[in-house]
Amino acid sequence: MHELALVEALIEEVQTQLQKAGCQGRVVKLRVQIGRFSGVSVEAFRFAFEMSRPGTLVAEADLEILQPPAECLCQSCGYRSQVEELVLGCPHCGSLEIHLEGSQELVLESIELEEPTEPK
Ligand SMILES: [Zn+2]
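Described in the following lines is the structure provided in the data block. Keep in mind that what you see is a predicted model, and the values were worked out from it rather than measured.

## Some thoughts on the overall build of the protein
On a plain count of helices and strands, the protein comes out with two helices and six strands. Seen in sequence order, the protein has helices and strands lined up from the N terminus as α-β-α-β-β-β-β-β. Its C-alpha radius of gyration of 18 Å places the protein more than 25% over the 14 Å reference for a compact globule of 120 residues. Taken along the three principal axes of its C-alpha coordinates, the protein extends 60 × 30 × 20 Å. The buried share among the 120 residues of the protein stands at 18%. Considering only contacts within the protein whose residues lie at least 6 apart along the sequence, 70% involve residues at least 24 apart.

Right, dumping it as structure tokens:
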């Protein structure tokens, strides 16, 4: 399952980020973005997260998954529009020279930590 590999990468990234920032404390919330056109299933991702998290530093974290609207940017006429579905051409001029955003598989948006109640 592709989503399982993504979850593993996510947990690793959380670990790296926390180490870099020198943060301790429990992760209470994770917010990630999954691109609409990435082919990643949010349901499968959530399932993979549930499977992977025991024993990790996100064991008790809430997982919030965002799927922002995708954007289509036309290279020919500069028309920018929000698209719900995968489009092949510019809705304005019909040009095929378009750039579609929303194909990123996974973006870690934020990590929320619970402040340790007493310093160790
Ligand atoms: Zn156009």
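## Side note on the nonpolar core
Core analysis: the biggest nonpolar cluster contains 14 residues, and Val7, Leu10, Val27, Leu30, Phe45 and Val58 have the highest contact counts within it. Elements that contribute at least two residues to this core include exactly α1 (2-21), β1 (27-33) and α2 (42-52). At four residues, the largest contribution of residues to this core is made by α1. Residues in contact with Leu30, not counting those within four places in the same chain, are Val14, Val58, Ala61, Leu63, Glu64 and Ile111.

## Here we look at the environment of Arg46
Along the chain, the position of Arg46 falls in helix α2. For the pair formed by Arg46 and Leu4, sequence separation is 42 residues and the distance between their alpha carbons is 9.4 Å. When near neighbours in sequence (up to four residues on either side) are disregarded, Arg46 contacts Leu63 and Ile65.

## A closer look at the sheet that holds strand β3 (residues 70-74)
Read across the open sheet, the three strands follow the order β4-β3-β5; overall the sheet is antiparallel. The open sheet has two edge strands with one neighbour each: β4 (80-83) and β5 (98-100). Neighbouring strand axes in the sheet, compared pairwise and without regard to direction, differ in orientation by 25° on average.

What counts and what doesn't
- Residues numbered from 1 in each chain as written.
- Predicted model: local features only at pLDDT ≥ 70, side-chain atom pairs only at ≥ 80, totals over all residues.
- Helix = DSSP H or I, 4+ residues; strand = E, 2+ residues; numbered from the N terminus.
- Rg over C-alpha atoms; globule rule 2.2 N^0.38 Å.
- Buried ≥ 20, exposed ≤ 12 C-beta atoms within 10 Å, placed from the backbone.
- Contact = placed C-beta atoms within 7 Å.
- Core = buried A, V, L, I, M, F, W, Y, C linked by C-beta atoms within 7 Å.
- Pairing = 2+ DSSP bridges.
- Axes fitted to C-alpha atoms, helices over the stretch in contact; angles between N-to-C directions.

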